[in-house]
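Examination of the molecular architecture
Here is what each chain is made of, one letter per residue.
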Amino acid sequence: MSKLQVIFVPGMASDGRLWQPVIDRLADIAEPTIARCSGDSIADFADEILADAPARFVIAGISMGGYVALEAALRGDARLAGVALLNTNARSASPLQVQRSTALLEDVERGLFDTVADKLAETVAGGKAEVAPLAAAMARAVGRDGYLRQQRAVLARLDRRSELRQIAVPTLVIAGDDDRISPPSFANEIARSVPGAELEIFPGGHLSTVEVPEMVAASLRDWLSSRVQSAA
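In this report, we go over the structure that sits alongside the text. Source: prediction; values computed, not measured.

One pass over the structure, following the stated rule, counts 20 salt bridges. In this structure, the salt-bridge partner of Arg180 is Asp178, at a minimum N-O distance of 2.9 Å. Look at Arg180 and you get exposed, because its relative accessible area is 70%. Through salt bridges that share partners, Asp47, Glu71, Arg75, Arg160 and Glu163 make up one connected network.

Rendered as structure tokens:
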């Protein structure tokens, strides 16, 4: 099987390290690109990806990256061969999420970015001591301004549930059974609505690509081989 061009989209305040354990396990079948997400909205992030995308590609997004992947998939671009949505949802931000995230934004604007980076890391790590340091390091690498842009983009995202049936490419949905941010019910919601979507639920929390990379990579490998390549 020739290598597929796969664009990996990180979560908010994270970078390619979030995907690297999976990328390493797919090196023989996937040619990876890490999305930049340097604009000011989810639509901007999708625009960046599509502007530079090759003639045929797959997009895989985790958390915020899933919002971006959904946005790209809903554009109906003929070059898109498949979409993988990990630890994400198709809903707009809830009032509680808006309240909590707005408080974090205010803290950053008051000069408390390092404190916020640690809070974010603890939240997305779900109490896993082995995951939190990586999450904090990635947040600091994205930096204050990058975090502010991405957090505002996430808060302003649209509810896409009514549009999911428009997705016409092979779709893989992955969730963690202990994900407190995007629980499995949200993944089920997507999988039920996207025609022919496949759903996998793995043990773990919100950062499945570093918590259970071997399971995520195996699922992506099987899906790329059996669904994406065969659809071509």
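Looking now at the pairing of strand β6 (residues 198-202). Pairing of strand β5 (residues 171-176) with β6, which is carried by 5 bridges, proceeds in the parallel orientation. Of the residues in β6, the one forming a bridge with Leu172 is Glu198. Where the polypeptide runs from β5 across helix α7 (residues 184-193) and back to β6, its parallel neighbour, the crossover connection is right-handed.

The next point concerns the side chain of Asp107. Inspection of the secondary structure assignment puts Asp107 in helix α4 (residues 95-109). Its relative accessible area of 14% is what places Asp107 among the buried residues. Not counting residues up to four positions away in its chain, the partners in contact with Asp107 are Leu112, Val116 and Lys119.

Parameters and conventions
Residues numbered from 1 in each chain as written. Predicted model: local features only at pLDDT ≥ 70, side-chain atom pairs only at ≥ 80, totals over all residues. Heavy atoms only, no water. Salt bridge = Lys/Arg side-chain N within 4 Å of Asp/Glu carboxyl O. Buried < 20%, exposed > 50% of the residue type's maximum accessible area, 1.4 Å probe, protein only. Pairing = 2+ DSSP bridges. Helix = DSSP H or I, 4+ residues; strand = E, 2+ residues; numbered from the N terminus. Right-handed = clockwise from strand over helix to strand, strands pointing away. Contact = heavy atoms within 4.5 Å.

Honestly, that's just the spatial picture; any functional story needs more than this.
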